[in-house]
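Here's the letter readout for the chains.
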Amino acid sequence: LLIDCSTIDVEASKALATEAEAKGFQMLDAPVSGGPEGAAAGTLAFMVGGEETALERANPLFDCMGSKLTYFGDAGTGQAAKACHNLICGITGLAVCEAFALADALDLNHDKFFNLCKNAAAQSWILENRCPVPGPAPKAPASNDYAPGFAARLLAKDLGIARDAAAAVGQDIPIGQETARRYAEFAEGGGGNLDFSAIYRTIRQA
């Protein structure tokens, strides 16, 4: 039984499962969400694709590593779910960074604005765990010199996967495409090993 918890493109995941099956293995694609925090606490969320019999064999392992699992079906569907999930994360992350850059330019207090958003309609996991300015969220990367966290180069890679998946099925995702472009530009411009929330500094300087 092979379990791939990396994030790769959907078609490659399907091809790997086919090759594994031909050689007598069962294979699951099981990318994760939750970051280093979830890994340390054993609360990762898994998005799983592959045969149900393989999932039954793997469940004890998933139970050790995480607290949430969603089974999507055939091989590659776990990777498809991760691409869509990280598309939301990337778009949300960019929106949070732009909003804080605007709030800063308008001389709003960071702590007050963070607490407003945290307790209003703008609340999100990204806001609370990747607040892009130092201070309001002491455990966020921004409060620790933007040490990842989730490195910008990895988010840029995942957004590229989502963009390519959309192109393969003819789905237009203009906001996603622009988000992918922005993070790729940031990663290639020297921010790749910083947490993705560090793009805030580029936005604010601009």
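Each chain has its residues counted from 1, following the order in which its sequence is written. pLDDT decides what is reported in this predicted model: residues at 70 or higher carry local features, side-chain atom pairs at 80 or more are listed and counted, and totals for whole chains, interfaces and linings draw on all residues regardless. Here the side-chain values reflect all heavy atoms present in the structure, with hydrogen atoms and water set aside.

Caption draft 1: Here's a closer look at helix H7 (residues 152-169). Numbering of helices and strands runs from the N terminus, with a helix taken as a DSSP run of H or I at least four residues long and a strand as a DSSP run of E at least two residues long. In a helix, the anticipated span is given by 1.5 Å times the number of residues less one. In this model H7 runs 26 Å from its N-terminal to its C-terminal C-alpha over 18 residues, within 8% of the 26 Å that 1.5 Å per residue would give. The buried label applies to any residue whose accessible area, calculated with a 1.4 Å probe on protein chains only, is under 20% of its type's maximum; exposed applies above 50%, and partly exposed to all values in between. Taken residue by residue, H7 has Ala152, Leu155, Ala156, Asp158, Leu159, Gly160, Ile161, Ala162 and Ala166 as its buried positions. Residues count as neighbours in contact if any of their non-hydrogen atoms are within 4.5 Å of one another. On its buried face, H7 sits against helix H4 (77-105) and helix H8 (174-191). Positive backbone phi, at 75°, marks Gly170, one or two positions downstream of H7.

Caption draft 2: Focus on a nonpolar patch on the surface. Like-charged residues within 9 Å of one another, or nonpolar side chains (Val, Leu, Ile, Met, Phe, Trp, Tyr) within 5 Å, are grouped into patches, provided each residue has over 30% relative accessible area and no salt bridge. Methods summary: accessible areas were calculated by the Shrake-Rupley approach with a probe of 1.4 Å, and residue burial reflects only the protein chains presented. Here a salt bridge means any side-chain nitrogen of Lys or Arg lying within 4 Å of a carboxyl oxygen belonging to Asp or Glu. Together, Leu102, Leu106 and Leu108 give the surface a local cluster of nonpolar side chains, amounting to about 300 Å² of exposed area. Taking the relative accessible area as the measure of exposure, Leu106 reaches 56% and is therefore exposed.

Caption draft 3: Summary view of the side chain of Asp195. By the element assignment, Asp195 lies in the loop between H8 and helix H9 (199-205). For Asp195, a relative accessible area of 0% translates into the label buried. A polar side-chain atom of Asp195 sits 2.8 Å from the main-chain amide nitrogen of Phe150. What Asp195 contacts, discounting residues up to four positions off in sequence, is Arg130, Pro141, Tyr146, Ala147, Pro148, Gly149, Phe150, Ala151, Ala152 and Phe186. Nitrogen and oxygen atoms within 3.5 Å of one another constitute a polar contact, given that in protein one can donate a hydrogen and the other can accept it, and given that sequence-neighbouring residues count only through two side-chain atoms.

Caption draft 4: Spatial organisation of helix H5 (residues 110-118). Of the positions making up H5, those classed as buried are Phe113, Phe114 and Cys117. Taken end-on, H5 shows its buried residues confined to a sector of 100°, consistent with a single buried face. Opposite the packed face of H5, turned more than 90 degrees from it, sit the exposed residues Lys112 and Leu116. Regarding H5, its N-cap is Asn109, as a side-chain oxygen of that residue lies 2.9 Å from the backbone nitrogen of Asp111 further along. To obtain the arc, one takes the directions from the helix axis to the C-beta atoms.

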